[in-house]
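Residue-level listing of the chains:
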Amino acid sequence: QRGAIHRRDTMATTVRADQLQTPAHNPGASDETIWSPIDTLESVGIQRGDIKKFQEAGYHTADSILMTSARHLERIKGLSEAKVLKAQDSAGKVCRRLGFQSARAVREKRQSDVFHITTGSTELDNLLKGGIETGVVTEIVGEFRTGKTQLAMTLAVTSLMAQEQGGGNGAVLYLDSENAFSDERLAEIADRFGVDRDLADENVFVHNIYNEDNFEPAFKEAKRMIAEQQVSLVIVDSVMSVLRNEYQGRGELSARQQKLSQILYSIKRMAQEFNIAVVLTNQMCADPGCTFTNDAKKAVGGHVLAHLVNLRLYLRKGRGEQRIARIDKSCKHALGEATFELSAGGIMDVAQ
């Protein structure tokens, strides 16, 4: 009881919507700037009118100017090649994104900036070296009823908690393409973690995705919100359901994969630009080419999706409400498994 009350009181004073200010710093980590507001370009010679054009096109940080090719920036109405190149040169003066760094500097920056968000299961957190990591894209893949959305909903609550408690101390953006988000489940999970229900209602923002054309404006709005208030997590549930419906058959496979690549690139750059955690859920399909196993299934999205995500977590059913999570891809984690349980309060450790 004391833990729940303490958690609720802490959140009420740190994560309420009216207190989420522009987070140019990782709260609770260090005073080093993670990203630079695009307004800083005015101090290095970029005109206010040009800055406004960048903002209207969805670029809200100087980092985003540096991370986008000139070819793409030149498509913005009213910006010539000369203006774009000048803006990129100016962005390089206020951002520290490019140039070689020693491995020590990379490690120190990572230790300062990166944090983890608890999944609600100690065993799963241990497998992930602390939970869902910021600055990278994590894919959660599995067949139906393996707990993908339940894990996403649990993260939507734990992200609101203070970092000292395993949270992200920030709001959550939930892009829902399967009509799977449940405000009732959000309230139940919030109760389990001692997070005030009003706090969850005020700081979890849902955007419905009905077709492939909804992704781009949703990402544009997401970046604006992240630049204006403290956001720790973006969830896309799921990344492939809309594309599977709109692109059917081998004749449209190439076009689908090109669209998927564009979506994933935007998602990955968002994670890097703002140092937020990005979680994608993904579906499974039959693998007709696999004839030597009873579990002949594979993740939808092919090599495009597999290459662009930083970590792939494969979920499968266990006994009763137990689920097994397996790391299928990661450059930082050893491949391994963890067992957790689905409950009314979200993801939790298996009851002993």
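Residues numbered from 1 in each chain as written. Predicted model: local features only at pLDDT ≥ 70, side-chain atom pairs only at ≥ 80, totals over all residues. Heavy atoms only, no water.

Trainee: Pulling in residues and values, what's your account of the overall build of the chain?
Mentor: Regarding its fold elements, the chain presents 14 helices and 13 strands. Per-residue burial for the chain yields a buried fraction of 50% across its 352 residues. Excluding contacts between residues fewer than 6 apart, the proportion of contacts in the chain whose partners are at least 24 apart in sequence is 67%. For the chain, the exposed area adds up to about 17000 Å²; of that, 48% sits on carbon and sulfur atoms. (Helix = DSSP H or I, 4+ residues; strand = E, 2+ residues; numbered from the N terminus. Buried < 20%, exposed > 50% of the residue type's maximum accessible area, 1.4 Å probe, protein only. Contact = heavy atoms within 4.5 Å. Areas by Shrake-Rupley, 256 points an atom, 1.4 Å probe, with all protein chains shown as cover.)

Trainee: Can you tell me about the side chain of Glu133, naming the residues and giving the values?
Mentor: Residue placement: Glu133 occurs in strand E2 (residues 132–133). Owing to a relative accessible area of 6%, Glu133 belongs among the buried residues under this scheme. Within the local environment of Glu133, its side chain forms a polar contact with the side chain of Arg110, the two groups lying 2.6 Å apart. A polar side-chain atom of Glu133 sits 2.7 Å from a polar atom in the side chain of Lys332. (Polar contact = N/O pair within 3.5 Å; in protein donor to acceptor, adjacent residues only side chain to side chain.)

Trainee: How would you sum up the pattern of salt bridges? Please name residues and give values.
Mentor: Applying the stated criterion across every chain yields a total of 17 salt bridges. Residue Asp89 is joined to Lys93 by a salt bridge in which the shortest nitrogen-to-oxygen separation is 3.8 Å. In this pair, Asp89 and Lys93 both sit in helix H5 (residues 81–94), four residues apart, roughly one turn of the helix. The partly exposed category is assigned to Asp89, whose relative accessible area is 48%. (Salt bridge = Lys/Arg side-chain N within 4 Å of Asp/Glu carboxyl O.)

Trainee: Quick rundown of the pairing of strand E12 (residues 337–343)? Include the residues and the values.
Mentor: Relative to E12, strand E11 (residues 322–330) runs antiparallel, the two sharing five bridges. From the neighbouring strand, Ile324 faces E12, where its bridge partner is Thr339. Between E11 and E12, which pair antiparallel one after the other, the connecting turn spans six residues. Both E12 and strand E13 (residues 346–348) contribute to a ladder of three bridges, which runs antiparallel. From the neighbouring strand, Leu342 faces E13, where its bridge partner is Ile347. (Pairing = 2+ DSSP bridges.)

Trainee: Outline the packing of aromatic side chains, listing residues and values.
Mentor: If you walk through the whole model with that rule in mind, you get three aromatic pairs. Residues Trp35 and Phe274 carry aromatic rings whose centres are separated by 5.4 Å and whose planes lie at 80° to one another, so their mutual orientation is edge-to-face. Placement of the pair is Trp35 in the loop between helix H1 (2–14) and helix H2 (48–56) and Phe274 in helix H13 (residues 253–274), with a sequence separation of 239 residues. In this structure, Trp35 and Phe274 share a single accessibility class: buried. Ring centres 5.1 Å apart and planes at 65° place the aromatic pair Tyr174 and Phe181 in the edge-to-face group. Judged by relative accessible area, which is 0%, Tyr174 ranks as buried. Here Lys223 stacks its cationic end above the ring of Tyr59, 5.5 Å away from the centre of that ring. Across the ring face of Phe144, the terminal group of Lys317 is positioned such that the distance to the ring centre comes to 4.0 Å. (Phe/Tyr/Trp six-rings, centres within 6.5 Å; stacked < 30°, edge-to-face > 60°. Lys NZ or Arg CZ within 6 Å of the ring centre and 35° of its normal.)

Trainee: With reference to specific residues and values, describe H2.
Mentor: Taken together, the buried positions of H2 are Asp50, Ile51 and Phe54. In a view along the axis of H2, the buried residues occupy a sector of 105°, so they form one face of it. Here the buried face of H2 lies against helix H3 (62–67), helix H4 (70–73) and H5. In the stretch just after H2, Gly58 is the one whose phi turns positive, near 100°. (Arc of directions from axis to C-beta.)

Trainee: Tell me about helix H11 (residues 215–228), and please be specific about residues and values.
Mentor: End to end, H11 covers 20 Å across 14 residues, agreeing with the expected 20 Å (1.5 Å per residue, within 8%). For H11, the complete set of buried residues consists of Phe215, Ala218, Phe219, Ala222, Lys223, Met225, Ile226 and Ala227. Considering only its buried residues, H11 is in contact with strand E4 (171–176), strand E5 (204–208), strand E6 (231–237) and H13. (Expected span 1.5 Å × (residues − 1).)

Trainee: Could you give an account of the pairing of strand E7 (residues 277–282), naming the residues involved and the relevant values?
Mentor: Within E7, six of the six residues are buried, which leaves it mostly tucked inside the rest of the structure. Side-chain alternation along E7 places Ala277, Val279 and Thr281 on one buried face and Val278, Leu280 and Asn282 on a second face that is also buried. In terms of strand pairing, strand E3 (residues 137–142) meets E7 through five bridges, oriented parallel. Among the inter-strand pairings, Ile140 is bridged to a residue of E7, identified as Thr281. In this sheet, E7 lies alongside E6 in parallel orientation, the contact comprising four bridges. From the neighbouring strand, Ile235 faces E7, where its bridge partner is Val279.

Trainee: An account of unusual backbone geometry is needed here, citing residue identities and associated values.
Mentor: Backbone phi values are negative for most residues with the exception of glycine, while trans is the configuration of most peptide bonds. Omega for the bond connecting Asp237 with Ser238 falls within 30 degrees of zero, at 0°, which places this linkage in the cis form. Positive phi values are uncommon outside glycine, yet Lys129 reaches one of about 60°. With respect to the helices, strands and loops of the structure, Lys129 is situated in the loop between helix H7 (122–127) and E2. Positive phi outside glycine occurs at Arg145, with the angle close to 65°. Here Arg145 is to be found in the loop between E3 and helix H8 (148–158).

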